[in-house]
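# Commentary on secondary and tertiary structure
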Amino acid sequence: AWNRILISVHSLEIKKDKTVNGSVIMKYEVINIRTIENEFGGLSFFEGEHDIPFAIKHLCCIYKTDEERKRTFYTDAASQLLMFCPYGEVEVIVNDGLQQESIMLDNPAIGLLLQNGMWEKLNWRKEKSVVCVAVSELLKECNVEGELV
């Protein structure tokens, strides 16, 4: 019976895979995360190497962040990640060094897949928002502010 309820991951209209001289320079995709909603509430979930194109090596959650707070971190060139916002509203600014684009995460059933080493800036648009990040590589060291080094 559960098989009839599950919604598989489908790509939304937003997909960026730009190339310059044959090289991908910015690659991200906004996806639907499998979700069940009924009278008991909602459940959004995904599986590494099934719903997303990589095995999950670590998962981190960023929370207790004030509204309008900004955080910046870098995705290693070899890393892939899925960012999602289970609660609140966070603007993600992606930057490949040549261009910058903004994606709003405000629904736990929506995720942002990122690849190819990009800078991300997170802008909290609602106080106490939560951002979770599933990453394809092991966690690197963090500095005192909790930012990836």
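Reading the values: the criteria
Residues numbered from 1 in each chain as written. Predicted model: local features only at pLDDT ≥ 70, side-chain atom pairs only at ≥ 80, totals over all residues. Heavy atoms only, no water. Helix = DSSP H or I, 4+ residues; strand = E, 2+ residues; numbered from the N terminus. Contact = heavy atoms within 4.5 Å. Areas by Shrake-Rupley, 256 points an atom, 1.4 Å probe, with all protein chains shown as cover. Buried < 20%, exposed > 50% of the residue type's maximum accessible area, 1.4 Å probe, protein only. Polar contact = N/O pair within 3.5 Å; in protein donor to acceptor, adjacent residues only side chain to side chain. Salt bridge = Lys/Arg side-chain N within 4 Å of Asp/Glu carboxyl O.

## Description of the overall build of the protein chain
Within the protein chain, the secondary structure is distributed over 1 helix and 12 strands. Secondary structure elements in the protein chain, listed N-terminal to C-terminal, are α-β-β-β-β-β-β-β-β-β-β-β-β. Within the protein chain, residue pairs in contact and separated by at least 24 positions form 71% of the contacts whose partners lie at least 6 positions apart. Carbon together with sulfur atoms contributes 50% to the accessible area of the protein chain, which is approximately 9,000 Å² in total.

## What about the side chain of Asp-51?
Structurally, Asp-51 is set in the loop between strand E4 (41-45) and strand E5 (58-62). Classification of Asp-51 by relative accessible area gives buried; the value is 13%. Polar side-chain contacts of Asp-51 include one of 2.7 Å to the side chain of Arg-34. Only 2.8 Å separates the side chain of Asp-51 from the backbone nitrogen of Glu-47, close enough to count as a polar contact.

## Some remarks on the pattern of salt bridges
Inspection of the entire model under this criterion finds 3 salt bridges. Measuring nitrogen to oxygen at the nearest pair gives 3.3 Å for the salt bridge that ties Glu-47 to Arg-34. Residue Glu-47 is found in the loop between E4 and E5, and its partner Arg-34 is found in strand E3 (residues 34-38); the two are separated by 13 residues along the sequence. Between Arg-34 and Asp-51 there is a salt bridge whose closest N-O contact spans 2.7 Å. Taken together, the residues Arg-34 in strand E3 and Asp-51 in the loop between E4 and E5 connect sequence positions 17 residues apart. Bridged by salt links that share partners, the residues Arg-34, Glu-47 and Asp-51 form one connected network.

## What to know about the environment of Glu-101
Relative to the elements of secondary structure, Glu-101 occurs in strand E9 (residues 100-105). For Glu-101, a relative accessible area of 17% puts it in the buried group. Sequence spacing of Glu-101 and Glu-120 is 19 residues, and the spatial spacing of their C-alpha atoms is 9.8 Å.

Any functional reading would require information that these geometric values do not contain.
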